[in-house]
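Spelled out from the first residue to the last, the chains are:
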Amino acid sequence: GESVGLHLPTLSVQEGDNSIINCAYSNSASDYFIWYKQESGKGPQFIIDIRSNMDKRQGQRVTVLLNKTVKHLSLQIAATQPGDSAVYFCAENDWRGAQKLVFGQGTRLTINP
Amino acid sequence: NAGVTQTPKFRILKIGQSMTLQCTQDMNHNYMYWYRQDPGMGLKLIYYSVGAGITDKGEVPNGYNVSRSTTEDFPLRLELAAPSQTSVYFCASRNKGQFGSNQPQHFGDGTRLSIL
């Protein structure tokens with residue numbers, strides 16, 4: 001079956017540095033990808049999404065890169081702040097359906113002062 | 001707007017009891033979803049609905065039931081609670097999008113359920 005996995009379960013970076021969170025997906029039919037941020041005791045919060053007809057999309061301090069050749073997704077966070085500490089999930093979907101997301105296990109990002 | 005609201009926030013049940021987890025959204029979204037999240041894991045889809053009166057199974061539907069009588073509400077029912085259903089439950093909704101384009105799901109803050 002399809003699965004979405006993350007290369008690193010934890011990541012620590014210094015405040016102000018850039019961070020990169022990686023994600024591998026296995027379903028070649030997946031056509032839509034989303035990054036979510038989850039803080040302790042909260043639900044997942046939408047960060048950024050990307051469709052498969054794009055290879056890069058930028059938001060405010062965040063960039064998502066999609067490499068369909070190797071089925072890899074990454075989230076770059078620029079100039080990290082203490083509030084960026086959270087668990088980050090990637091999710092994939094075959095958009096031709098009702099959007100049944102498949103989530104990875106998550107990466108815990110810790111920002112060190 | 002309140003977004004997606006889930007009640008209760010916490011609940012402890014005894015094995016064999018039943019309960020309904022409530023979810024309501026005020027964004028007039030067509031699609032609604034229920035997920036469960038076990039410790040240290042990602043979310044897994046239980047049930048989803050593409051509109052009022054229409055529901056379908058997700059990846060882990062056993063032991064649960066849903067209904068969608070209105071656009072706003074999508075309750076999740078546990079009939080005979082089992083320890084394996086101890087988890088955090090999240091409800092989500094999203095807009096339909098135009099021309100087949102996807103829209104991201106927006107989540108509530110969850111119901112933490114323990115079955116003892």
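Heads up: these notes are all about the structure in this document. In this text the structure is predicted, and so the values were computed from the model without any measurement. (Residues numbered from 1 in each chain as written. Chains lettered and ligands numbered in written order. Predicted model: local features only at pLDDT ≥ 70, side-chain atom pairs only at ≥ 80, totals over all residues. Heavy atoms only, no water.)

In a disulfide, the sulfur atoms of two cysteines are covalently bonded to one another. This model, assessed by the stated rule, comprises two disulfides over all chains. Disulfide pairing is shown between C23 of chain A and C90 of chain A; the S-S distance is 1.9 Å. Between C23 of chain A and C90 of chain A, the S-S dihedral sits near 60 degrees, and the bridge is therefore right-handed. A residue pair is termed long-range when its members are at least 10 positions apart, and C23 of chain A in strand β3 (residues 19-25) and C90 of chain A in strand β9 (residues 86-93) qualify at 67 residues. Assessed through its relative accessible area of 1%, C23 of chain A is described here as buried. C23 of chain B shares a disulfide with C91 of chain B; S-S distance 1.9 Å. On the sign convention where negative means left-handed, the S-S torsion of about -75 degrees between C23 of chain B and C91 of chain B marks this disulfide as left-handed. You can see C23 of chain B sitting in strand β3 (residues 19-25) and its partner C91 of chain B sitting in strand β9 (residues 87-94), a full 68 residues away along the chain. (Disulfide = S-S within 2.5 Å. Helix = DSSP H or I, 4+ residues; strand = E, 2+ residues; numbered from the N terminus. Buried < 20%, exposed > 50% of the residue type's maximum accessible area, 1.4 Å probe, protein only.)

Moving on: unusual backbone geometry. Of note, the amide linkage connecting T7 of chain B to P8 of chain B takes the cis form, showing an omega dihedral of -10 degrees. Following the sequence through the fold, P8 of chain B ends up in the loop between β1 (4-7) and β2 (10-13). Positive phi, normally seen in glycine, also occurs at R61 of chain A, with a value near 65 degrees. Mapped onto the fold, R61 of chain A is located in the loop between β6 (56-58) and β7 (62-67). Assessed through its relative accessible area of 29%, R61 of chain A is described here as partly exposed.

How big an interface is tends to be stated in terms of the accessible area lost upon association of its parts. Across the boundary between the two partners, chain B contributes 23 residues, which contact 21 residues of chain A. A buried area of about 1800 Å², summed over both sides, lies between chain B and chain A, and 52% of it is on carbon and sulfur atoms. At the junction of chain B and chain A, the tally comes to one salt bridge. A salt bridge links D109 of chain B to K42 of chain A; the nearest nitrogen and oxygen atoms lie 3.9 Å apart. Viewed at the interface, chain A and chain B are joined by eight residue pairs in polar contact (both at pLDDT 80 or more). (Contact = heavy atoms within 4.5 Å. Buried area = accessible area lost by both parts, 1.4 Å probe. Salt bridge = Lys/Arg side-chain N within 4 Å of Asp/Glu carboxyl O. Polar contact = N/O pair within 3.5 Å; in protein donor to acceptor, adjacent residues only side chain to side chain.)

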